[in-house]
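# Secondary and tertiary structure notes
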2 protein chains.
Amino acid sequence: MQKYWYDNENRIAVSSRIRLARNLDKTAFPNKLNKEDTAAICKKTGDVLTAREYSFGKLHYIDMDEFSQNVPSLFERHIISPEFANNYHGKGLLLSDDESISIMLCEEDHIRIQSISPGDDLQSAYKKAKEVDDVLCNNIRVAFSDELGFLTACPSNLGTGLRASVMLHLPLSESQGRIPALSAELSKIGLTIRGTYGEGSKGFGSFYQVSNQITLGITEENAIKNLNGIVKQIIISEENLRKEAYKPVLEDKIFRALGTLKYARRVNSAEMIKLLSLIKLGTDMGIIKNKSKNSIYSLIINTQPNTLMLNAKNNYTPGERDILRGDILREKLKEVE
Amino acid sequence: MQKYWYDNENRIAVSSRIRLARNLDKTAFPNKLNKEDTAAICKKTGDVLTAREYSFGKLHYIDMDEFSQNVPSLFERHIISPEFANNYHGKGLLLSDDESISIMLCEEDHIRIQSISPGDDLQSAYKKAKEVDDVLCNNIRVAFSDELGFLTACPSNLGTGLRASVMLHLPLSESQGRIPALSAELSKIGLTIRGTYGEGSKGFGSFYQVSNQITLGITEENAIKNLNGIVKQIIISEENLRKEAYKPVLEDKIFRALGTLKYARRVNSAEMIKLLSLIKLGTDMGIIKNKSKNSIYSLIINTQPNTLMLNAKNNYTPGERDILRGDILREKLKEVE
């Protein structure tokens, strides 16, 4: 069976992501293009990038209009951006078999290379993205200025066009109220932290994305190095809070989450994320044991509303989904004790 | 092992209770008595009532001062009243081995015979109480007026001196908001309903006591018959609500309660009653199966704070109790699935 980045359990740092924004030289940005030009650019870049084998396998061209019923799930699996999910008509997506490389064509920029690696491993994600970027730049004239670097639709991406981010599971940092101060500190050094699930600074399930903001006047390597250093500090601080935590209360919360999902008949998404986050904390801290072959984070991915329906090959009302989600979680958590 | 009234699972009607208030003739009521007179009355009635064998076995005399550390648990097990628990010095209690008959001496009245039977069975409770009452009235001159009946310290008990009550488990009637209307109706016909646990009309765990209020101008038999008829109606109405209930939502609540208590590490009394009430509803409705030899209601009795400590032969802080309660419930609920 195909393994995905979320199939291994990764403690605190769930995944590392690199995004490179690139544009064709002397070509209007996507929001100014008509249907024909959009199709032409998708075809041209698609042809170049699917023509060869990479270290991670081949890239496959997906015509988004033919794939439209999978769009919400692609978003839930972090393969496409919310903007692309809302505006994909006439556009293309390039995807590797393991879903670790995805390239949105004619999103905000002509080409958005996205690479994801499990755990705290921006280097490997960057390496894969660079592999694609090199093929792209060697075969297509890309918009680049010696003074500014890569030219992008939005000035916030000018320069490296690189956004690096690490998804961190920070339940203790969150429950101790550390996130607002961390957020303020990070913004001073050109980084941001935001919840992975839900709106605002407080994320459902204590999953947070820490990313770089600065793309101008910095090399890609330095941007990644800076983020890496800070991420390591945040991880150490979360580890220390876990060591210092008053175990009995924490264990009670974790076991209650497990008992609830082992028995509940209807579970909505928000509760699923909240309780699986506690169960992940429990397995990561050795309080409970996951003897199954599924990582806890893969349960979060696979029981999101649209991915759930895609896996079940059926459409459901929210109420029916909650029942199905309850069934799946009870079954999958049998070997977690 | 000794079996108690709560060792069998009783659907909806948990227990039936009879209380008879009696006083010695030409003797001041207990609140006017000095220490010596109180002791003398306790001894006199104690000697008479412990001297013989009843259908339910013997009655044992308990000097409350020697038994003081058991007092809070006696109250939790419905053996003594809250008033007696707060003011027991120099007084006596008569108790049968199965705890189904208890007689408080010098509570509000000189003699308060209390009889309890499992389930919806006021007749058997009354029969046992009458057995004691007959011995009492045949051996001791009891305060009685041909016009009024039995004389009691409080006029509300004058006449029969009888209070009959049935403890009912009414989770559906409660969740459908039926209790306030029921309460209003009952008060019109001289009955009351109140929560067994907690204050006010809304009881923790949906356990309610329905009792008669009228003691004057009515025979004991008629008072019991009236209550019996009404109780049967309330039971039918609860049964119907259970049949009509939307099962999926109810099942989810019941299984969540079970999952929580099977896994939680710390459980306070209020939560214990609330969740065991749902589990009892689940076993009574056949949604879950209790394969253990413990009734669910016996778990409520045995994990009350003071009964818990009495069983464990130790004193604990509330926090320690919550841990011990969690341990016991996890263990006892292993065979509930």
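Scroll up to find the structure this text is about.
These notes cover the structure that comes with them. This is a predicted model, so every value here is computed, not measured. (Residues numbered from 1 in each chain as written. Chains lettered and ligands numbered in written order. Predicted model: local features only at pLDDT ≥ 70, side-chain atom pairs only at ≥ 80, totals over all residues. Heavy atoms only, no water.)

Between its first and last C-alpha atoms helix α7 (residues 220-244) of chain A spans 37 Å; for 25 residues at 1.5 Å apiece the expected length is 36 Å, and the two agree. Those residues of α7 of chain A that sit buried are E220, A223, I224, L227, N228, I230, V231, I234, I235, E238, L241 and R242 of chain A. (Helix = DSSP H or I, 4+ residues; strand = E, 2+ residues; numbered from the N terminus. Expected span 1.5 Å × (residues − 1). Buried < 20%, exposed > 50% of the residue type's maximum accessible area, 1.4 Å probe, protein only.)

Right, let's talk about the environment of E107 of chain A for a bit. Residue and element names in this part refer to chain A. Counting through the fold element by element, E107 comes out in the loop between β4 (101-105) and β5 (111-118). By relative accessible area, which is 9% here, E107 ends up buried. As for E107 and S81, which are separated by 26 residues in sequence, their C-alpha atoms are 8.7 Å apart.

Taken as a whole, this structure holds 12 aromatic pairs over all chains when the rule is applied. Ring plane angle 15 degrees and centroid distance 5.6 Å describe the contact between Y4 of chain A and Y6 of chain A, whose orientation is recorded as stacked. A residue is classified by how much of its surface remains accessible, and Y4 of chain A, at 25% relative accessible area, is partly exposed. Through a chain of ring-to-ring contacts, the aromatic side chains of Y4, W5, Y6, F207 and Y297 of chain A assemble into a single cluster. Looking at R52 of chain A, its charged tip hangs above the ring of Y54 of chain A, at a distance of 5.4 Å from the centre. Positioned above the aromatic ring of F255 of chain A is the side chain of R265 of chain B, whose terminal nitrogen or guanidinium carbon lies 3.4 Å from the ring centre. (Phe/Tyr/Trp six-rings, centres within 6.5 Å; stacked < 30°, edge-to-face > 60°. Lys NZ or Arg CZ within 6 Å of the ring centre and 35° of its normal.)

Let's shift gears to the relation of the copies chain B and chain A. Rotating chain B by 180 degrees and moving it 0.1 Å along the rotation axis overlays it on chain A with an RMSD of 0.0 Å. Between the two chains, the operation in question is that of a two-fold axis. No C-alpha of chain B approaches the rotation axis more nearly than that of G259 of chain B, which lies at 2.1 Å. Taken together, the interface assignments show that 100% of the residues at the interface of chain B recur at the interface of chain A, consistent with an identical surface on both copies. (Least-squares fit on C-alpha atoms with pLDDT ≥ 70 in both. Contact = heavy atoms within 4.5 Å.)

Residue and element names in this part refer to chain B. Tracing the backbone through its elements, the reader meets N157 in the loop between β7 (149-150) and β8 (162-169). According to the relative accessible area criterion, N157 is buried, its value standing at 2%. Of note is the side chain of N157, whose polar atom sits 3.4 Å from the side chain of R19. Excluding residues within four positions of it along the chain, N157 makes contact with R19, E108, D109, R112, T152, R163 and T215. (Polar contact = N/O pair within 3.5 Å; in protein donor to acceptor, adjacent residues only side chain to side chain.)

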